[in-house]
Amino acid sequence: MTFDETARRPNRMSEPAGAAGSAQSQRGATLSPTDRIVRQVLAVDAWIAARRDLERQLRAPGRSRDERMDVERQVEALRRTHDAIKGCCARGLDAEIEPFHQPGPTAVVAHRHPWFAEKLSLNLGVLGVAVLACTDNGPEALGAVLAEQPDVLLAGDRLAMMTGMDFLAECRVYAPETLLAVQASDEQQADAHRALSDTVFLRHVPPAAVAEALVALLQIAAAAPIDA
């Protein structure tokens, strides 16, 4: 199945090489180990600064009971993201990295249906894309995206502890070079997510076809001129 048959009305990344803007034309290109580390450090530093500001706001007095419960949920989400960042960074430091080794493309999968997530991860692996994290939890997935700076992300439109829109917005801020793909449950959800994503798939598209389309997106991004 071709890319055009699997992705429903994809965003600019499906256009011919050179048609996208300069910022988007560089998404999905495999990074050197040094460049990836630089982006990881910048993203984690920016997230920590934003967390510090948010925690200051959350500690403000005079909140109602409902507001305090919402604060507790936000704090728990921050904790899970922080734990995921620590876990990813620890694994990266423990890994044996050959000097000047050029890694293959990488991905993070965030999806609430284990069957789809597992099949997609397996198919991406067969196609040469290493899946660095696979989870149904929005804050944990965000931590993985922050710390890993993957080449591509596939997210469902509903995640535990976080809406799909909030998750994509955070990923766009902290991993601007990562290709963002969404699997939407229907056309209404697909339309809502297109502004924040590079391509959208509907629920009926099987994981093997989604994997093929994501690899095609990575190839388009890698072929696009840097000064496009």
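Computed from a predicted structure; not experimentally measured.

1. A few points about the pattern of salt bridges
Then, number 1: Applying the stated criterion across every chain, the model contains 5 salt bridges.
Then, number 2: Between arginine 172 and aspartate 198 there is a salt bridge, and its shortest N-O distance comes to 3.5 Å. In this pair, arginine 172 is assigned in helix α7 (residues 164-174) and aspartate 198 in the loop between α8 (187-193) and β7 (199-202), connecting sequence segments 26 residues apart.
Then, number 3: The exposure class assigned to arginine 172 is buried, which follows from its relative accessible area of 18%.
Then, number 4: The salt bridge partner of glutamate 187 is arginine 194, with a shortest N-O separation of 3.9 Å.
Then, number 5: Judged by its relative accessible area of 27%, glutamate 187 falls in the partly exposed class.
Then, number 6: Each member of the salt-bridge network shares a partner with another, and the members are Glu187, Asp191 and Arg194.

2. Some words on helix α9 (residues 207-223)
Then, number 1: Relative to the 24 Å expected for 17 residues at 1.5 Å per residue, α9 spans 24 Å between its end C-alpha atoms, a close match to the ideal helical length.
Then, number 2: All buried positions along α9 are accounted for by Pro207, Ala209, Val210, Ala211, Ala213, Leu214, Val215, Ala216, Leu217, Leu218 and Ala221.

3. Things to note about the sheet that holds strand β6 (residues 179-184)
Then, number 1: Strand order in the open sheet formed by 5 strands is β2-β1-β3-β6-β7, with parallel pairing between adjacent strands. Strand pairing shows two members of the sheet lacking a second neighbour, β2 (130-135) and β7, which therefore form its edges. Across the sheet, the axes of successive neighbouring strands diverge by a mean angle of 15 degrees, strand direction being ignored.
Then, number 2: When strand β1 (residues 106-110) meets β2, the two strands line up parallel, connected through 5 bridges. Residue pairing across strands places valine 109 opposite cysteine 134, the latter belonging to β2.

4. A short note on the environment of alanine 221
Then, number 1: Relative to the helices and strands, alanine 221 is located in helix α9.
Then, number 2: Each C-alpha atom of the pair alanine 221 and aspartate 151 lies 9.9 Å from the other, and the pair is 70 residues apart in sequence.

5. Considering the side chain of serine 185
Then, number 1: Here serine 185 shows up in the loop between β6 and α8.
Then, number 2: For serine 185, the contacting residues outside a window of four places in its chain are Asp157, Arg158 and Arg203.

6. A closer look at the packing of helix α6 (residues 138-148) against α7
Then, number 1: For the pair α6 and α7, the least separation of the axes is 10 Å and the interaxial angle reads 15 degrees. On the basis of their axis angle, the class for α6 and α7 is roughly parallel. Considering the relative orientation of α6 and α7, their crossing is right-handed. Contacts between α6 and α7 involve Gly138, Ala141, Leu142, Val145 and Leu146 on the former and, on the latter, Phe167, Glu170, Cys171 and Tyr174.
Then, number 2: The residue inventory of the contact of α6 with α7, partitioned by class, reads 7 nonpolar, 1 polar and 1 charged.

7. Focus: the packing of helix α5 (residues 114-126) against α9
Then, number 1: At their nearest, the axes of α5 and α9 sit 8 Å apart, and the two run at 45 degrees to each other. In terms of orientation, α5 and α9 fall into the oblique class. The crossing of α5 and α9 is right-handed. Across the interface between the two elements, Trp115, Phe116, Lys119, Leu120, Asn123 and Leu124 of α5 pack against Pro207, Ala208, Val210, Ala211 and Leu214 of α9.
Then, number 2: Of the residues assigned to the contact of α5 with α9, the class counts are 9 nonpolar, 1 polar and 1 charged.

What counts, and at which threshold
Residues numbered from 1 in each chain as written. Predicted model: local features only at pLDDT ≥ 70, side-chain atom pairs only at ≥ 80, totals over all residues. Heavy atoms only, no water. Salt bridge = Lys/Arg side-chain N within 4 Å of Asp/Glu carboxyl O. Helix = DSSP H or I, 4+ residues; strand = E, 2+ residues; numbered from the N terminus. Buried < 20%, exposed > 50% of the residue type's maximum accessible area, 1.4 Å probe, protein only. Expected span 1.5 Å × (residues − 1). Pairing = 2+ DSSP bridges. Axes fitted to C-alpha atoms, helices over the stretch in contact; angles between N-to-C directions. Contact = heavy atoms within 4.5 Å. Parallel < 35°, antiparallel > 145°, perpendicular 65-115°, else oblique. Left-handed = near helix turned anticlockwise from the far one by under 90°. Nonpolar A, V, L, I, M, F, W, Y, C, P; charged D, E, K, R; others polar.

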